Amino acid sequence: MNHSDHAPAVAVESTTAPVSQFTSGVVLAIVGTFLFALKSIFIKLAFAAGAEPTLLLTLRLYFALPFYIAVLWKIQRGQNKSPMRWTMIARAFGLGLLGYYLASYLDLTGLQYITAQLERLTLFTYPAIVAVLAWLFLGERLNRRIIAAIVLCYCGVILMYSQERSMTGGTHVAWGVFLVLASAISYSMYIILAKPTMQVIGSARFTSLAMIGSTVFVGIHFAATGGVDQLADTPSIVYLYGIILALVCTLLPSFMINEAIMRIGATRTVVIGSVGPVLTMVLAITILREPSSVYHFLGMFIAIIGVSLVTSKK
């Protein structure tokens, strides 16, 4: 899991953008949302091909690593930035551990036990978690609209969870939801803690450092658990899935969504992005043949309403 798996923060946007810019922005948001929606599908396909979470996370991050290094190098070179203090680098690395390594590992592990539909919906509720954390630790107000949004979000998740458990008879569904929810909490804590550092060194530089740091942690984890010995026996299709996850489902859509925000504003991008879980659900049903019901769609609809209340303007 990474920042690209979630809706961006709301910002005030201009309503007078040129038509061509507006149209291209909408297209970028739609395509980016679709590519993000594919992430859970390819993870499930990789699992079916014999991959396990640590291996898949390692492949995903290491295939994307050169691009983040290139972005960091370009920023440092192009803007003649002064050398960053080691404390800032260490802080970015530490936050990368929380937001990209831990959150992604918990997400991938949880996805072994639940459908892509339930995983995507559980992750999608992270803005509600951010609101609660901001209330607990930053003193931000938790008004009635936010409380209603949180209730709706988790009513939707519970409805889909109960249906999945009854349909699959799976005894590990609760454990899978717990792991994915822990992933969402980890990422939400990252969102809350990252802002001060991001304001000092810039968002692009911070994101690149956080991703590089998380890649280092994943590499250590992979080596410590004997994963290196698996590489020679890993099917080539798993490497292909790793490349797709790194480039098609993470790197490319992240740039598309960021550019969409620049062209049409964050609010419209969030609205378009809210169809992401629905796309994942449709893809999971058609490609993975996952079981579903009208209650799955109802739970999805309720949670999307809840998230829209959290991310909409006050």
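Residues numbered from 1 in each chain as written. Predicted model: local features only at pLDDT ≥ 70, side-chain atom pairs only at ≥ 80, totals over all residues. Heavy atoms only, no water.

Participant: Is there a simple way to explain the pattern of salt bridges in this structure?
Facilitator: As a working rule, side chains carrying opposite charge can pair if their charged atoms are close by. Counting across every chain of the model gives 3 salt bridges. Linking Asp107 and Lys39 is a salt bridge whose minimum nitrogen-to-oxygen distance equals 3.2 Å. Of this pair, Asp107 sits in helix H3 (residues 86-110) while Lys39 sits in helix H1 (residues 19-48), and the two are 68 residues apart along the sequence. Using a relative accessible area of 1% as the deciding quantity, one classes Asp107 as buried. Between Glu259 and Arg263 there is a salt bridge, with the nearest N and O atoms lying 2.8 Å from each other. Of this pair, Glu259 and Arg263 both sit in helix H9 (residues 236-264), 4 residues apart, roughly one helical turn. Owing to a relative accessible area of 29%, Arg263 belongs among the partly exposed residues under this scheme. (Salt bridge = Lys/Arg side-chain N within 4 Å of Asp/Glu carboxyl O. Helix = DSSP H or I, 4+ residues; strand = E, 2+ residues; numbered from the N terminus. Buried < 20%, exposed > 50% of the residue type's maximum accessible area, 1.4 Å probe, protein only.)

Participant: Is there a simple way to explain the side chain of Gln117 in this structure?
Facilitator: Checked against the element boundaries, Gln117 lands in helix H4 (residues 116-124). A distance of 3.1 Å separates a polar atom in the side chain of Gln117 from the backbone oxygen of Pro291. Among residues more than four places away in sequence, those in contact with Gln117 are Met160, Met281, Ala284, Ile285, Glu290, Pro291, Ser292, His296 and Met300. (Polar contact = N/O pair within 3.5 Å; in protein donor to acceptor, adjacent residues only side chain to side chain. Contact = heavy atoms within 4.5 Å.)

Participant: Would you explain the nonpolar core in this entry?
Facilitator: Across soluble globular proteins, nonpolar side chains have a tendency to be buried as a group. Judged by nonpolar contacts, the single largest core of 85 residues is most densely connected at Phe42, Ile43, Leu56, Leu118, Tyr190, Phe206 and Leu209. Discounting residues that sit within four places of it in the chain, Leu209 has contacts with Leu72, Met84, Ile89, Ala92, Phe93 and Ile201. (Core = buried A, V, L, I, M, F, W, Y, C linked by side-chain atoms within 4.5 Å.)

Participant: Even after reading the chapter, I still don't get helix H2 (residues 53-78), so can you show me in this structure?
Facilitator: Each α-helix winds once per 3.6 residues, and so residues spaced three or four apart point in a common direction. Across its 26 residues, H2 extends 37 Å between first and last C-alpha, which sits within 8% of the 38 Å expected from 1.5 Å per residue. The largest bend in H2 comes to about 40°, at Leu65, with the proline Pro66 one to four residues further on. (Expected span 1.5 Å × (residues − 1). Bend = angle between axes of the 7 residues up to and from the residue.)

Participant: I would appreciate a short explanation of the confidence of the model for the protein chain in the present structure.
Facilitator: Atom-level detail of predicted coordinates should not be read off regions where pLDDT is low. For the protein chain, the average pLDDT comes to 86, and 91% of its residues sit at 70 or higher. Confidence, read as mean pLDDT per element, is least for helix H10 (residues 266-273) in the protein chain (79) and greatest for H4 (93). (pLDDT = per-residue confidence, 0-100.)

Participant: Before we go on, may I ask you to explain unusual backbone geometry in this structure?
Facilitator: Trans is the prevailing form of peptide bonds, just as negative phi is the prevailing case for residues other than glycine. The phi dihedral of Arg289 is positive, around 60°, even though this residue is not glycine. Classification of Arg289 as exposed rests on a relative accessible area of 67%.

Participant: Would you mind going over the packing of aromatic side chains with me for this structure?
Facilitator: Taken as a whole and judged by the stated rule, the model has 7 aromatic pairs. Taken together, a centroid distance of 5.5 Å and an interplanar angle of 40° make the contact between Tyr187 and Tyr190 tilted. Highlighted residues: Tyr187 and Tyr190, both in helix H7 (residues 173-201), separated by 3 residues, approximately one helical turn. Both residues of the pair, Tyr187 and Tyr190, count as buried. Seen in terms of ring centroids, Tyr190 and Phe206 are 6.0 Å apart; in terms of plane orientation they differ by 20°. Their pairing is stacked. Of this pair, Tyr190 sits in helix H7 while Phe206 is found in helix H8 (residues 203-224), placing the two residues 16 residues apart along the sequence. One aromatic cluster is present, formed by Tyr100, Tyr126, Tyr187, Tyr190 and Phe206 through successive ring pairs. (Phe/Tyr/Trp six-rings, centres within 6.5 Å; stacked < 30°, edge-to-face > 60°.)

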